[in-house]
Every structure is written in C-alpha cells, then in structure tokens.
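Tertiary structure, described
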Amino acid sequence: MPTMFHLAGSIIYALMQWLIILIVTRFIGMDGVGYYALYLGLLVPVSIFTNHGLRIYIATDIENRFADKTYLSLRYLGVLVFVLLTIFFTPFVDEPNIFFSIILIKCFDALSEIEYGNWNRKRVLFYFTCSQLLRLALLLLLVLVMDLLGLSGSFYLFAFPLAIIIIYFSFDRKKSEFNIKGSSLDYSALRALFYVSSPLAFSGLIASLNVTVVRFSLDYYLDVSALAKYVYIQYYFTVASIVVLSISQVAIPYFSREKNISVHLYNFHRVMALIFLYGVGFVLCIIYLSNFMTGFIYGVEIQYEVRHRLFFSMGAFFSFLAIFANSILISMGRMRYILYSNFIFLLLTVFSSFLLVEKMGILGAFISFFIVSLVSFIVNIVLVYVNFSRAKGAL
C-alpha cells in the first residue's frame, strides 16, 4: 500500500510538470518551452545540490541518528543558499519571468522535501499523495481563475509556485512530525549530517548535470525550438520514470532494513523483472504512438523520425533499470560508489552530446541519451552484484 500511495503522488506531481509545459506552450509558445527547459536545466542542479539529498537520506536513517532540528536547520540553510545563488541572475536572462518562476518553484518545493522523506521512512505515504493532489487541484483552480480574469501568459507561470507554498503551510507543515522548537541547535550534529549526506548531494548534482549538458548543447548548436522539440518527447520519459523512481524511493527504507541477503537478492530480481516489462511497454508506446500523442497533447506539428524514437525509447528503457539498481546501492549505503560513477557518466554525456549534436543535430542528442543510459545500466548492475557478493562473503 505505501508503494501505491507514493506512486499515485509521484504521478500527480509529474502531471503538474506536464501541465506547466502545456501552459507555456499555449500562452508563450514553443520557444517559451525551449527557454523553460534551458533554465530548468540550469536551476535544477543547483536545487538538488542545496537540498543536500535530505529526502533520500532521511528515508535511510531508520535509527534516527539526527534530531528534527538538525534536519530542519540544514533544509532552511539549503533554501537560503539556493536563493542567494540564483536570484541575482534573473535580470540577465532573456526570459526573466520564466527564470524567476522556476526559482520560486524549486525554492518552495524544497521546503517539503524532508516531510516527504520522513513520511516515506514512517510509511505514512498517504500524506504525500494528499499533498500532491491538493497542489494539483489548487493549480487547476488558479489557472482557471487567471483565465477568467484574462491575465497575460506571464501570470500563469506563477500559479504553480503559489499552489506549492499555500499547500506547504496549510497541509504539509500541519501533518509534519518535525519540530524545530526545543533545545538549542547542535552544530556538531549539523556538520555531521552535512558530511554524511554530502555524497548524495554531489551525486544528485552530477546526475542532474547530464540533462543540463544535453539541453545546452542543443541550444548552442541549434536553437531553442530544437530544444523544445527534444523536451516534448523527453517529458514522456520524465513522466514514465516517475513510476520507477517511486518504486525505488519506497524500496530504499525496505532494503535498508532487510538483512537477509538471499531475500534481498530475490526481491531485487523480482522488481527488476517488473521494470523490464514496464520498459518494454514504454518502448513500444514511443515507437508507435509518440508522434500522434505529441500533436494531440501539445497541439504542435512535430514528427519524430523512427531513429529518433528508437534511440530515445531504448535509452529510457536502460535508464529505468539503472534507476532502480542505483536505489539498491543507496540502500546499501554505497554513496561514494554512486558519486564516482555519476561523475563518469557526466564526462561521457559532455563528450557524446557536444560531439554528436554538432555532427548529427537532434538525432545526436537521442544517441547520446541512449549511450549514457546503457553505460549507466551496466555500471550500476555490476556494482549491485559486486556488493551482494561481498555481503554474502561477510556472513
């Protein structure tokens, strides 16, 4: 049941991301989607780094090593650092309204991260689903009101951050079990939390830069319209991967608790088989339905070649498998392995995307995605089995 609640909440969150793309397409245009994707590629790595991996780490902190005040203090410090690092660039970008709206989205979204992580640890993920459902309902209501008032396209960009912050104070904080009141802050504990969660922060930063590099290469060698074309189909992967990410995040505390290696390995194989079948279904949908769905959903005339669809869908397939294998490494506490491997994947992305996009255009971006996803799957699966073998040998 916790898996289903987390999955439902994650799908709702993905639908909200998709809704933002639809809003930008309708009220700003296809170039607006390109700018939105470009700025998102710039700001998401900063957000992930300043969030410091707390949502994932707290799900693994089964023994409550750190006090509530320590988690909350590091969270608020991260939000402050994110704002200071990003806000001053707003006047210097081509579309400041889009840029500033993303800053607000990531800033407000970060406030709920440790609540979500703690609900996962406590297995009360019904609250997570409710939070996302309330956000979606309020977002739709705000968009409807703005439409009735006849407001300009720029105003719609701020509907999502407004919905996030309202639900944070009206629901997330009220259902939170974290309490910042009480004893004074233990700075040594804060430093310790910063240190132990740092590998997650750095690995998350490096992993997110893979997306950023591809987007910047498309903008550099082509234009924002080509980037928008890439993002439209990439969002199918973004939404589909939510299912795998949801399963993975719920699995982290379960696998962290499980000490029987045979059971551990058996359940790993079961979930991998399920994700394999899910990936096959995604490949078939992209190859046969993506052109029709893109025109139907976004209302734009885009035709992806068979080569585009094949490389993209196969890249997504291997990425799904790599995501879950990565979560197993997190549950084993192998944060540094993840950090080092993600750095290698980033170097591969930089090399392949800039080289291939320059020579092959948007097809090069899809080939780069496929290559990096395949290598990521191979490396992560090898690391998982190596660690399972070591755990067996230690018994």
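Above this note sits the structure.
Report on the accompanying structure. (Residues numbered from 1 in each chain as written. Predicted model: local features only at pLDDT ≥ 70, side-chain atom pairs only at ≥ 80, totals over all residues. Heavy atoms only, no water.)

1. Comments concerning the packing of aromatic side chains
Going through the model one piece at a time under the given rule, you end up with 31 aromatic pairs. Look at phenylalanine 27 and tyrosine 156: their rings are 3.9 Å apart centre to centre, the planes differ by 10 degrees, and that puts the pair in the stacked class. In this pair, phenylalanine 27 sits in helix α1 (residues 2-27) while tyrosine 156 sits in helix α8 (residues 153-156), placing the two residues 129 residues apart along the sequence. Here the aromatic rings of phenylalanine 268 and phenylalanine 324 are separated by 5.9 Å at their centres, their planes lie at 10 degrees, and the arrangement is stacked. With phenylalanine 268 in helix α12 (residues 261-298) and phenylalanine 324 in helix α13 (residues 306-331), the pair connects residues that are 56 residues apart, well separated along the chain. Accessibility assignment for this pair places phenylalanine 268 and phenylalanine 324 in one class, buried. Through a chain of ring-to-ring contacts, three or more aromatic side chains come together here, namely Tyr230, Phe237, Tyr278, Phe282, Phe312, Phe320, Phe366 and Phe369. (Phe/Tyr/Trp six-rings, centres within 6.5 Å; stacked < 30°, edge-to-face > 60°. Helix = DSSP H or I, 4+ residues; strand = E, 2+ residues; numbered from the N terminus. Buried < 20%, exposed > 50% of the residue type's maximum accessible area, 1.4 Å probe, protein only.)

2. Quick notes on the nonpolar core
Counting 124 residues, the largest nonpolar core has Tyr36, Tyr71, Tyr232, Phe268, Phe282 and Phe324 as its most contacted members. Per-element tally for this core: the top contributor is helix α11 (residues 224-257), with 18 residues. (Core = buried A, V, L, I, M, F, W, Y, C linked by side-chain atoms within 4.5 Å.)

3. Observations regarding the pattern of salt bridges
The final tally for this structure, using the stated rule, is four salt bridges. A salt bridge links arginine 75 to glutamate 115, with the nearest nitrogen and oxygen atoms 3.2 Å apart. In this pair, arginine 75 sits in helix α4 (residues 68-86) while glutamate 115 sits in helix α6 (residues 113-122), placing the two residues 40 residues apart along the sequence. We classify glutamate 115 as buried; its relative accessible area is 0%. One salt bridge in this structure joins arginine 307 and glutamate 305, with 2.7 Å as the shortest N-O distance. By relative accessible area, which is 45% here, arginine 307 ends up partly exposed. Looking at glutamate 305, the relative accessible area reads 37%, which means it is partly exposed. The structure contains a network of salt bridges with shared partners spanning Arg75, Glu115 and Arg173. (Salt bridge = Lys/Arg side-chain N within 4 Å of Asp/Glu carboxyl O.)

Coordinates in, geometry out; function isn't part of it.
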